[in-house]
Amino acid sequence: MGIMSKILGNGQRSTEDYVELNLDDFDTAQGEAGMTVHIAEIAGQQDVIAIKDAVYDGDFVIADITRLRTQDRTVEHIVDELQQVAREVDGDIVQKGDDQLILAPTGVRIARQKLN
């Protein structure tokens, strides 16, 4: 296999092509992170409070809204409330499919196009 085919690949991968890395093996700076990415699940209105707090604190949130699909008015109310939070902090919000909301804090924009 030539170097170019190794770089560009032939479209087929197996588990042998990947190596698991242990971060403990690397010398990394232990500075404090400027932002945290939170994963949340919204089952009802009570779950929105923690998400709002995280965004107000400057953190990024990916929220699963699958459990709300059947409750259209609740979903609309929650989305409206989180859109207001994004506007207040000059952040961003997008809905990915029917199952995720992605909220970004101040100064972070979410691209609407997928990377190729």
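Criteria and cut-off values
Residues numbered from 1 in each chain as written. Predicted model: local features only at pLDDT ≥ 70, side-chain atom pairs only at ≥ 80, totals over all residues. Heavy atoms only, no water. Helix = DSSP H or I, 4+ residues; strand = E, 2+ residues; numbered from the N terminus. Contact = heavy atoms within 4.5 Å. Pairing = 2+ DSSP bridges. Axes fitted to C-alpha atoms, helices over the stretch in contact; angles between N-to-C directions. Buried < 20%, exposed > 50% of the residue type's maximum accessible area, 1.4 Å probe, protein only. Arc of directions from axis to C-beta. Polar contact = N/O pair within 3.5 Å; in protein donor to acceptor, adjacent residues only side chain to side chain. 1 Å grid on protein atoms, 1.4 Å probe; cavity = no way out; pocket = protein on both sides within 12 Å on 5 of 7 lines; lining within 4 Å. Points joined across faces, edges and corners; volume = space filled by probe spheres on them. Nonpolar A, V, L, I, M, F, W, Y, C, P; charged D, E, K, R; others polar.

1. Regarding the side chain of Asp 92
Then, number 1: With respect to the helices and strands, the residue Asp 92 is situated in strand β3 (residues 92-96).
Then, number 2: Other than its neighbours up to four places away in sequence, Asp 92 contacts Ala 86, Ile 102, Leu 103, Ala 104, Val 108, Arg 109, Ile 110 and Arg 112.

2. Considerations on the sheet that holds strand β2 (residues 60-64)
Then, number 1: Judged by pairing direction, the sheet is mixed, and its 4 strands sit side by side in the order β1-β2-β4-β3 without closing on themselves. Each having just a single partner strand, β1 (37-41) and β3 make up the two edges of the open sheet. Pairwise comparison of adjacent strand axes, ignoring direction, gives a mean angle of 15° for this sheet.
Then, number 2: Taken together, the 5 bridges between β1 and β2 define a ladder with parallel strand orientation. Paired with His 38 across the two strands is Val 61, which belongs to β2.
Then, number 3: Packed on one face of the sheet, helix α2 (residues 48-56) meets β1, β2 and β4 (100-104) and runs near 160° to β2.

3. Details of unusual backbone geometry
Then, number 1: We note that Asp 90 has phi near 55°; this positive angle belongs to a residue other than glycine.
Then, number 2: Mapped onto the secondary structure, Asp 90 falls in the loop between α3 (72-88) and β3.
Then, number 3: Residue class for Asp 90 comes out partly exposed when judged on its relative accessible area of 45%.

4. Some remarks on α2
Then, number 1: Residues of α2 that are buried include every one of Val 48, Ile 51, Ala 54 and Val 55, and no others. Along the long axis of α2, the arc covered by the buried residues comes to 125°, so they all point the same way. Exposed side of α2, more than 90 degrees from the buried face: Ile 49 and Ala 50 are the residues found there.
Then, number 2: Where α2 terminates, the next one or two residues include Gly 58, which has phi positive at roughly 95°.

5. Let's talk about the environment of Gln 100
Then, number 1: Assignment of secondary structure puts Gln 100 in strand β4.
Then, number 2: Measuring from C-alpha to C-alpha, the distance between Gln 100 and Ile 65 comes to 5.5 Å, with 35 residues separating the pair along the chain.

6. What to know about the environment of Asp 92
Then, number 1: You can call Asp 92 buried: its relative accessible area is 10%.
Then, number 2: As a C-alpha pair, Asp 92 and Thr 106 span 14 residues in sequence and 7.9 Å in three-dimensional space.
Then, number 3: In this structure the side chain of Asp 92 is engaged in a polar contact, spanning 2.6 Å, whose partner is the side chain of Arg 112.

7. What to know about the layout of surface pockets
Then, number 1: When its volume is computed, the largest pocket comes out at roughly 160 Å³.
Then, number 2: Forming the boundary of the largest pocket are Val 94, Gln 95, Lys 96, Ile 102, Ile 110, Ala 111, Arg 112, Gln 113 and Lys 114.
Then, number 3: In terms of residue count, β3 provides more of the lining of the largest pocket than any other element does, 3 residues in total.
Then, number 4: Considered class by class, the residues forming the lining of the largest pocket number 4 nonpolar, 2 polar and 3 charged.

Function cannot be read off these values alone, since they describe shape.
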